[in-house]
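Results of the structural survey
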Amino acid sequence: MASSEEDGTVEEKENNNKKRTKSALITAWLTFYNIAMTAGWLVLAITMMRFYIQKGSHKGLYRSIARTLKFFQTFALVEVVHCAVGIVRTSVIVTGVQVCSRIYMVWFITSSIRQIQNEESVILFLVVWTVTEVTRYSYYTFNLLHHLPYFIKWARYNFFIVLYPLGVVGELFTIYAALPFVRRSGMYSMRLPNKYNVSFDYYYFLIIVMLSYIPLFPQLYLHMLRQRRRVLHGEVIVEKDD
């Protein structure tokens with residue numbers, strides 16, 4: 001009887017040690033990831049400021065940071081994986097929509113259509129993204145290290161109130177600016193007849209993307225406001241599972 005109890009105690013200790021090791025590894029990875037992403041977006045911020053100071057204009061700015069932007073924004077897909085496997089307790093759908101919409105803006109609109117890269121709207125969403133991401137990844141990093149300055153916490157849950165709508169405005173105006181070029185060039189479109197017997201018009205697809213902001217933006221914005229109330233004011237908010 002005593003031997004059985006001892007075996008159970010040993011097994012329980014081993015399980016607890018495994019859980020602690022797993023938790024430590026996850027924390028180490030998340031800390032590394034968030035430090036790397038903070039550094040990446042800081043590099044983008046510094047590069048943009050230096051470019052504008054040296055050139056005195058935003059023209060050519062996007063092209064100067066395009067490669068770095070594409071790398072760090074695409075790497076953010078890792079966050080969807082974090083949610084999917086349960087490393088981070090955040091909705092996969094919310095995270096997926098936010099990350100994939102940005103990747104789409106970078107790869108399939110701004111980088112694909114050079115004629116719009118000097119639009120003021122591009123600079124608007126770039127500045128918004130950069131401030132947002134430096135703040136967000138800094139918040140996660142300090143939080144994981146258990147040394148979270150109140151200003152970082154305050155910035156994380158207040159800056160978005162203005163930045164989120166501004167970012168959406170920048171994205172929508174950028175897509176709108178792309179429409180004439182897409183229509184003329186027929187890029188990413190498929191016309192009939194073709195061997196697949198499928199028709200696709202990228203011009204109308206972009207219009208649908210713009211219209212999708214109408215239902216999606218309020219939901220994501222309200223989600224952030226709920227998070228703000230919970231974190232800054234300690235409100236207990238029960239959300240339905242996505």
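In what follows, the structure referred to is the one given above.
Described in the following lines is the structure provided in the data block. (Residues numbered from 1 in each chain as written. Predicted model: local features only at pLDDT ≥ 70, side-chain atom pairs only at ≥ 80, totals over all residues. Heavy atoms only, no water.)

**Details of the overall build of the protein**
From N to C terminus, the protein includes eight helices and zero strands. Mapped in sequence order, the helices and strands of the protein form the string α-α-α-α-α-α-α-α. The proportion of buried residues among the 242 residues of the protein is 37%. For the protein, the exposed area adds up to about 15,100 Å²; of that, 63% sits on carbon and sulfur atoms. (Helix = DSSP H or I, 4+ residues; strand = E, 2+ residues; numbered from the N terminus. Buried < 20%, exposed > 50% of the residue type's maximum accessible area, 1.4 Å probe, protein only. Areas by Shrake-Rupley, 256 points an atom, 1.4 Å probe, with all protein chains shown as cover.)

**Digging into the nonpolar core**
The nonpolar side chains of a soluble globular protein tend to be buried, and buried together. Counting 43 residues, the largest nonpolar core has Trp41, Leu69, Ile109, Leu126, Ile175 and Leu206 as the members making the most contacts within it. Only helix 1 (2-55), helix 2 (61-75), helix 3 (77-85), helix 4 (92-110), helix 5 (120-144), helix 7 (159-185) and helix 8 (202-233) provide two or more residues apiece to this core. Looking at this core, the element that brings in the most residues is helix 5, giving seven residues. Apart from residues lying up to four places away in sequence, leucine 69 is in contact with Trp41, Leu44, Tyr62, Val106, Leu126 and Trp129. (Core = buried A, V, L, I, M, F, W, Y, C linked by side-chain atoms within 4.5 Å. Contact = heavy atoms within 4.5 Å.)

**Observations regarding a nonpolar patch on the surface**
Side chains of Trp107, Phe108, Tyr188, Met190, Tyr196, Val198, Phe200 and Phe205 sit close together on the surface and give an oily, nonpolar patch of about 750 Å² of accessible area. The class for tyrosine 188 is partly exposed, based on a relative accessible area of 40%. (Patch = residues over 30% accessible without salt bridge, like charges linked within 9 Å, V, L, I, M, F, W, Y side chains within 5 Å. Salt bridge = Lys/Arg side-chain N within 4 Å of Asp/Glu carboxyl O.)

**Remarks on the pattern of salt bridges**
Taken as a whole and judged by the stated rule, the model has four salt bridges. Between arginine 102 and glutamate 133 there is a salt bridge, and its shortest N-O distance comes to 3.0 Å. Taken as a pair, arginine 102 in helix 4 and glutamate 133 in helix 5 lie far apart in primary sequence, 31 residues in all. Overall, arginine 102 belongs to the buried group, its relative accessible area being 16%. Across the salt bridge formed by arginine 136 and glutamate 133, the nearest N and O atoms sit 2.9 Å from each other.

**Brief notes about the side chain of asparagine 34**
Among the secondary structure elements, asparagine 34 is positioned in helix 1. Not counting residues up to four positions away in its chain, the partners in contact with asparagine 34 are Tyr137, Tyr140, Thr141 and Leu144.

**Concerning the side chain of threonine 141**
On the secondary structure map, threonine 141 appears in helix 5. Its relative accessible area of 9% is what places threonine 141 among the buried residues.

**So, the packing of helix 2 against helix 4**
Contact geometry for helix 2 and helix 4: axes closest at 10 Å, N-to-C directions at 145°. Judged by the sense of rotation from one axis to the other, the crossing of helix 2 with helix 4 is left-handed. When helix 2 is examined against helix 4, the residues Tyr62, Leu69, Lys70, Gln73 and Thr74 are found in contact with a partner set consisting of Val99, Arg102, Ile103, Val106, Trp107 and Thr110. Residues belonging to the contact of helix 2 with helix 4 are distributed by class as follows: six nonpolar, three polar and two charged. (Axes fitted to C-alpha atoms, helices over the stretch in contact; angles between N-to-C directions. Left-handed = near helix turned anticlockwise from the far one by under 90°. Nonpolar A, V, L, I, M, F, W, Y, C, P; charged D, E, K, R; others polar.)

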